Structure formats: C-alpha cells, structure tokens
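Remarks on the overall topology
Okay, here's what each chain looks like letter by letter:
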Amino acid sequence: MAKILIADDAAFMRMRSSTLLKELGHEVVEASRNTGVDVLSGVGVADSLRDALVLVDVLNSPSFDDGPVLEFFSTATRNLIDAARAAGVAHYVALSIVGDTGLPDSGYMRAKVAQETLIEASGLPYTILRATQFQEFADAIVASMTSGDVVRVPDGRIQPIAAAEVAAHVARAAVGAPAGVVEIGGPEKITFAELAEFVLRRNGQHHQVVVDPDATYFGTRVDDDSLVTHDGAVLGAVRLT
C-alpha cells in the first residue's frame with residue numbers, strides 16, 4: 001500500500017481519483033485549502049507530502065486570465081516540486097491538456113506548458129497525462145460560441161472524454177511506473193459543428209449552427225488536429241450521451 005497525495009482545490013477530479021485509489025487499498029491524502037494546504041504560499045505542502053510515494057497534481061487555476069493563470073501554475077508547480085524532492089516522492093503525476101504545446105495564443109495553454117516544463121526539468125520521475133476536453137464541459141463549450149440563436153463554431157475537431165475515465169487513468173498512472181507524456185482521449189473525434197448539434201438536440205434547442213472560419217475556441221483559433229489525440233494515445237470507451 002502506498003501513500004498518495006492528491007492536490008486539487010476544485011475537487012472536480014480529486015474526489016473521483018481519490019475514491020478509486022482508496023478502493024485499491026492505498027492511503028490517500030487530499031490536499032486543498034480546505035485541509036490547510038495552500039500550493040501558492042506553500043503552507044502545509046511539505047507536511048502533506050511527508051512519507052508520500054506519489055504526488056498527483058490535478059490542480060486548476062481559479063482564474064483563466066493570462067497573467068494570473070501563468071502565475072498560478074508556475075508558482076504552485078514549483079512549490080509542489082520543491083516539497084516532493086524534499087519528501088523523496090518517487091512519482092509526480094500531473095493532469096494536462098492535449099494540444100497545449102500547439103496553441104501558444106491561449107494564455108491557459110501557455111500556463112499548462114509552463115507547468116509541464118517545470119515537471120520535466122524537476123528531476124523527479126513523472127507521468128504527464130494530457131487529456132482531451134471533458135464531456136461534462138460540452139454545454140459550456142457550446143454556450144461560449146452562442147450568440148442569440150446562432151452558434152458559430154470553428155472549423156475543427158474535438159474529442160470529448162468522460163471525466164470518470166480521466167479519473168480512472170489518473171488513478172492507474174498513480175499506481176503505475178512513471179511513463180513520461182501520455183495522451184488520453186474520448187472514443188470519437190467529431191467536428192465542433194457535430195458537438196453543437198448534439199448539445200442543442202439534447203437540450204431541445206433549435207439554434208442555427210454556423211461553421212465560421214473566424215470562430216475560436218475560447219479565443220484561440222483551432223483546426224482539425226489542435227485538440228485531438230495522436231498516434232499512440234489511450235482512448236476511452238464512453239461516448240457522448
């Protein structure tokens with residue numbers, strides 16, 4: 001049985017992965033501001049990592065603005081790395097995003113690349129799980145492209161994955177050997193237009209879907225390959241429902 005620390009203030013992914021690891025018999029410590037751990041100031045980080053063999057980093061920034069998000073991931077990751085080194089952590093597992101290195105116009109993606117770069121240079125054995133967008137965020141993605149009764153979508157593809165499958169991948173990575181960078185994605189690569197039509201149909205809405213070459217994904221231009229996995233990726237089985 002290993003002691004595994006899971007760091008995440010939002011709890012969206014922490015609780016799912018924690019449950020799976022506890023069911024496997026591992027000792028799991030959940031680190032968040034609610035448990036007295038502040039990854040930005042460093043308060044409580046060293047204590048929470050004492051005797052831990054694995055650090056699971058599924059943190060997310062409270063702000064997606066360019067400056068704050070970069071500051072969050074850079075500072076939090078440095079603090080976690082310093083504490084992990086001191087504690088003798090044998091495996092740093094981090095959740096990241098498929099396509100982050102190819103979308104430099106996105107401040108959020110730049111911040112995730114900065115996080116990955118720090119982990120890769122840390123000297124710690126690591127696994128970086130780059131996941132595609134969560135199926136649970138489909139409505140929010142479509143809403144961000146909606147104005148009135150028109151949904152303007154980019155001419156690109158997306159590959160939604162169920163959060164439960166991401167949590168399972170995170171748990172498996174935590175109890176496995178360090179694997180470097182691994183891509184995980186949903187079972188289907190679909191266009192943004194298909195995603196919008198699916199969400200509208202599910203919600204009983206009748207908006208017009210327009211493929212607009214000037215439309216963006218949260219302010220960033222994307223194409224067919226920007227947000228989907230590549231050869232060698234691990235694919236889930238759960239389809240959009």
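Below is a summary of the structure that appears in this document. (Residues numbered from 1 in each chain as written. Predicted model: local features only at pLDDT ≥ 70, side-chain atom pairs only at ≥ 80, totals over all residues. Heavy atoms only, no water.)

1. Here's the deal with the nonpolar core
Short version of the rule: Working definition of a nonpolar core: buried Ala, Val, Leu, Ile, Met, Phe, Trp, Tyr and Cys residues. They are joined through side-chain atoms within 4.5 Å. Residue exposure (1.4 Å probe, protein chains only): buried if accessible area is under 20% of the type maximum, exposed if over 50%, otherwise partly exposed. Numbering of helices and strands runs from the N terminus; a helix is a DSSP stretch of H or I covering at least four residues, while a strand is a stretch of E covering at least two. Contacts are residue-level and defined by heavy atoms, with any inter-residue pair within 4.5 Å sufficient.
Ranked by internal contacts, the top residues of the largest apolar core, which has 48 residues, are L49, L55, Y92, F192 and L195. Of all the secondary structure elements, the ones that give two or more residues to this core are β1 (3-7), α2 (45-49), α3 (66-87), β4 (91-97), α4 (107-120), α5 (138-144), β7 (150-153) and α7 (192-202). Among the elements that take part in this core, α3 stands out by supplying eight residues, more than any other. Ignoring anything within four residues of it in the chain, the contact list for Y92 reads L55, D57, T77, L80, I81, I119, L124, P125, Y126 and T127.

2. Some remarks on the pairing of β4
Rules: Think of it like this: strands point away, you trace from the first strand over the helix to the second, and a clockwise trace means the crossover is right-handed. A pair of strands counts as paired when DSSP detects no fewer than two bridges linking them.
By the criterion of burial, β4 is predominantly enclosed, with seven of the seven residues buried. Across the two faces of β4 the burial is the same, with H91, V93, L95 and I97 and Y92, A94 and S96 all buried. For the crossover from strand β3 (residues 54-57) across α3 to β4, the handedness is right-handed. Taken together, the six bridges between β4 and strand β5 (residues 126-131) define a ladder with parallel strand orientation. Across the sheet, V93 pairs through a bridge with T127, a residue of β5. Between β4 and its parallel partner β5, the chain crosses via α4, and the hand of that crossover is right-handed.

3. Quick look at the pattern of salt bridges
Here is the rule: The salt bridge criterion pairs a side-chain nitrogen of Lys or Arg with a carboxyl oxygen of Asp or Glu, the two atoms within 4 Å.
Applying the stated criterion to the full structure yields eleven salt bridges. Residues D82 and R85 are paired through a salt bridge, measuring 3.5 Å at the closest nitrogen-oxygen approach. You can see D82 and its partner R85 sitting in helix α3, three residues apart, about one turn around the helix. Residue R85 is classed as partly exposed on the basis of its relative accessible area of 45%.

4. Observations concerning the packing of aromatic side chains
The following threshold applies: Between rings of Phe, Tyr and Trp, where Trp is taken as its six-membered ring, a pair exists when centres lie within 6.5 Å; planes separated by under 30 degrees are stacked, by over 60 edge-to-face, and by other angles tilted.
One pass over the full model with this rule turns up six aromatic pairs. Ring geometry for F192 versus Y217: centroids 5.9 Å apart, planes at 50°, classification tilted. Of this pair, F192 sits in helix α7 while Y217 is found in the loop between β11 (208-211) and β12 (234-235), placing the two residues 25 residues apart along the sequence. On the basis of relative accessible area, F192 is assigned to the buried category, the value being 1%. In this structure an aromatic cluster arises from ring pairing among F64, F72, F73 and Y108.

5. Focus on the pairing of strand β9 (residues 180-185)
Counting buried positions over the six residues of β9 gives five, a clear majority of the element. Summarising the sheet, β5 and β9 pair through five bridges and their orientation is parallel. Opposite L129, over in β9, you have V182 as the bridge partner. Across two bridges, β9 lies against β12 in parallel orientation. The residue bridging I184 from the neighbouring strand is V234, located in β12.

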